[in-house]
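# Coordinate analysis (summary)
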Amino acid sequence: MTKFTDLGLAEPIERALAAKGYETPTPIQIKAIPVLLQGRDLCGIAQTGTGKTAAFALPSLHHLAADLKRPIPLSCRMLILSPTRELASQIAVSCRDYSKFLRLSVETVFGGVPIGRQIKALSRGVDILVATPGRLLDLIDQNALSLRNVEIFVLDEADQMLDLGFIHALKRVDKLLPKKRQTLFFSATMPKAISELGDRFLNDPIRVSVTPPATTAERVDQYVTYVNQTEKQGLLTLTLQDEKIERALIFTRTKHGADRVVKHLQAAGIGCEAIHGNKSQPQRERALGLFRSGSIKFLVATDIAARGIDVSGVSHVFNFELPNVAEQYVHRIGRTARAGATGIAMSFVAEDERAYLRGIERLTKVKLTSIPLPADFMEKSRALPKPAAARPTAQRRHDGSARPAGGAEGERPRRPFRPARKPGGVGGHKGAVRKTGGGGGR
Ligand code: AMP
């Protein structure tokens, strides 16, 4: 079995890995590190959870350390671009950990925080800069940074970059980078648009791929409960109260949806926080800090905000709403079962989400195991406390999404169960499939 000590990394890096308790490289690390040490470009299909951060960080640190020099003011030697602030912070933490016995500086720049301190940090020059594209270009426009001296460029989560509309920013960055450099390009998926973006940056790259999205989720036990949209909140609250859940991420599709779920859970005495794009950076960091430290067991997140959340011990992922892009489901459930652990993913699927579910099952080649609603669901759900702000009149929200759980809110009575199709396929797949109550869908 390959060990980190077989890879030829500089001794201080090996020492830092030993201090973190890493002995065995992950598959992406085994494939990528040797070719990156040779200075080749790399195009990697890998997603968060595979160990890709160390795969690009370790050989890069090795190169920088082999040629230690004082960074040139207003420049960086290595640039890592991340689509989100959370991921940028996470990458910076990893780089600092892995370089703790080396004399290399690591800085992050991203929006949502004052730019002054970032300008000051860059004035001295830095070895490793982790940035989101928007703030990076702001700093360049303010003459606080030049990319002229970049030796190693990493573009992480390219598919997410495109989803977030960073294509023009990336094309600008491409023009500002020196031709002579090493480039590492990572994406969880590689559709045509992404590989074309890669071609723009890469020069004769080695291509490596680990656990394509369809198979990443094999270690996650995946369940589905068919439920009316109006019943989802009750089901979630009861599940979080009842189950032995160590730490869970709950995904909603909208920011308002995330806030609404938090209000309902808090009203039921369940400690949780939301993390999404409308939250300020300090709010996001606070929520993540509470989650990481275990002060709260539940974090409610939108997809974008959840990128880059690397918290160990997430035992469950709940899909309060299914994502409309199947790959996103894989990203979500990849938050549990990280670094060899096993995890549980539970999806609450309303009638109008069935098509998304079919897309997910096609992509992952996994048929989700159906769990019926608990027998006493209606009574228990009705007894749940509701948040002070929730009014029965507020049945339809502006984003068209869920009203608070029907039973719990004393709204229209639920329609009775009506099996829509014969369950089959997976063992234990005995959950009845019900029609939504008409007005409950999004
Ligand atoms: P990443 O895919 O880079 O987000 O890494 C996923 C998680 O695995 C992070 O918590 C890393 O610290 C951890 N990790 C990465 N490489 C290893 C390794 N070789 N051994 C143990 N844990 C690792």
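In the block above lies the structure referred to throughout.
Here's what I pulled together on the structure shown here. (Residues numbered from 1 in each chain as written. Predicted model: local features only at pLDDT ≥ 70, side-chain atom pairs only at ≥ 80, totals over all residues. Heavy atoms only, no water.)

## A short note on the packing of helix 6 (residues 133–141) against helix 8 (residues 167–176)
For the pair helix 6 and helix 8, the least separation of the axes is 10 Å and the interaxial angle reads 45 degrees. Taken together, helix 6 and helix 8 sit at an angle that is classed as oblique. Once helix 6 is placed against helix 8, the crossing between them reads as left-handed. Across the interface between the two elements, Pro133, Leu136, Leu137, Ile140 and Asp141 of helix 6 pack against Ala169, Arg172, Val173 and Leu176 of helix 8. Here the residues of the contact of helix 6 with helix 8 sort into seven nonpolar, no polar and two charged. (Axes fitted to C-alpha atoms, helices over the stretch in contact; angles between N-to-C directions. Helix = DSSP H or I, 4+ residues; strand = E, 2+ residues; numbered from the N terminus. Parallel < 35°, antiparallel > 145°, perpendicular 65-115°, else oblique. Left-handed = near helix turned anticlockwise from the far one by under 90°. Contact = heavy atoms within 4.5 Å. Nonpolar A, V, L, I, M, F, W, Y, C, P; charged D, E, K, R; others polar.)

## Observations regarding unusual backbone geometry
Positive phi, close to 55 degrees, is recorded for Glu157, a residue that is not glycine. With a phi close to 45 degrees, Asp204 is a non-glycine residue in the positive phi region. A residue is classified by how much of its surface remains accessible, and Asp204, at 55% relative accessible area, is exposed. (Buried < 20%, exposed > 50% of the residue type's maximum accessible area, 1.4 Å probe, protein only.)

## Structural notes on the pattern of salt bridges
Scanning all chains against the criterion turns up 22 salt bridges. Across the pair Glu361 and Lys367 runs a salt bridge whose closest N-O atoms are separated by 3.6 Å. Because the salt bridges share partners, they merge into one network encompassing Asp67, Lys69, Arg77 and Glu151. (Salt bridge = Lys/Arg side-chain N within 4 Å of Asp/Glu carboxyl O.)

## So, the environment of Leu139
Inspection of the secondary structure puts Leu139 in helix 6. We classify Leu139 as buried; its relative accessible area is 0%. For the pair formed by Leu139 and Phe110, sequence separation is 29 residues and the distance between their alpha carbons is 9.9 Å. Excluding residues within four positions of it along the chain, Leu139 makes contact with Val109, Ile115, Gln118, Ile119, Leu122, Ala144 and Leu145.

## Description of the site of the ligand
As a matter of local geometry, the ligand sits amid 15 residues, with Tyr22, Gln29, Gly49, Gly51 and Thr53 nearest to it. Within the contact set of the ligand, an oxygen atom lies 2.7 Å away from a backbone nitrogen or oxygen of Gly51. Lys52 places a polar main-chain atom, nitrogen or oxygen, 3.3 Å from an oxygen atom of the ligand. Taking 490 Å² as the accessible area of the ligand by itself, protein coverage stands at 80%. Split by residue class, the shell around the ligand holds four nonpolar, eight polar and three charged. (Near = heavy atom within 4 Å. Polar contact = N/O pair within 3.5 Å; in protein donor to acceptor, adjacent residues only side chain to side chain. Areas by Shrake-Rupley, 256 points an atom, 1.4 Å probe, with all protein chains shown as cover.)

## As for the sheet that holds strand 6 (residues 182–187)
Read from one edge to the other, the open sheet built from seven strands follows the order 3-4-2-5-6-1-7, with strand pairing classed as parallel. The sheet terminates laterally at strand 3 (106–109) and strand 7 (206–209), the two strands that pair on one side only. Taking the axes of each pair of neighbouring strands and ignoring which way they run, one obtains an average angle of 15 degrees across the sheet. Its contacts with the sheet place helix 2 (residues 27–37) against strand 1 (42–45), strand 6 and strand 7, and it is angled at close to 165 degrees to strand 7. In the packing of helix 4 (residues 85–98) onto the sheet, the strands contacted are strand 2 (76–81), strand 3 and strand 4 (126–131), and the crossing angle to strand 3 comes to about 180 degrees. (Pairing = 2+ DSSP bridges.)

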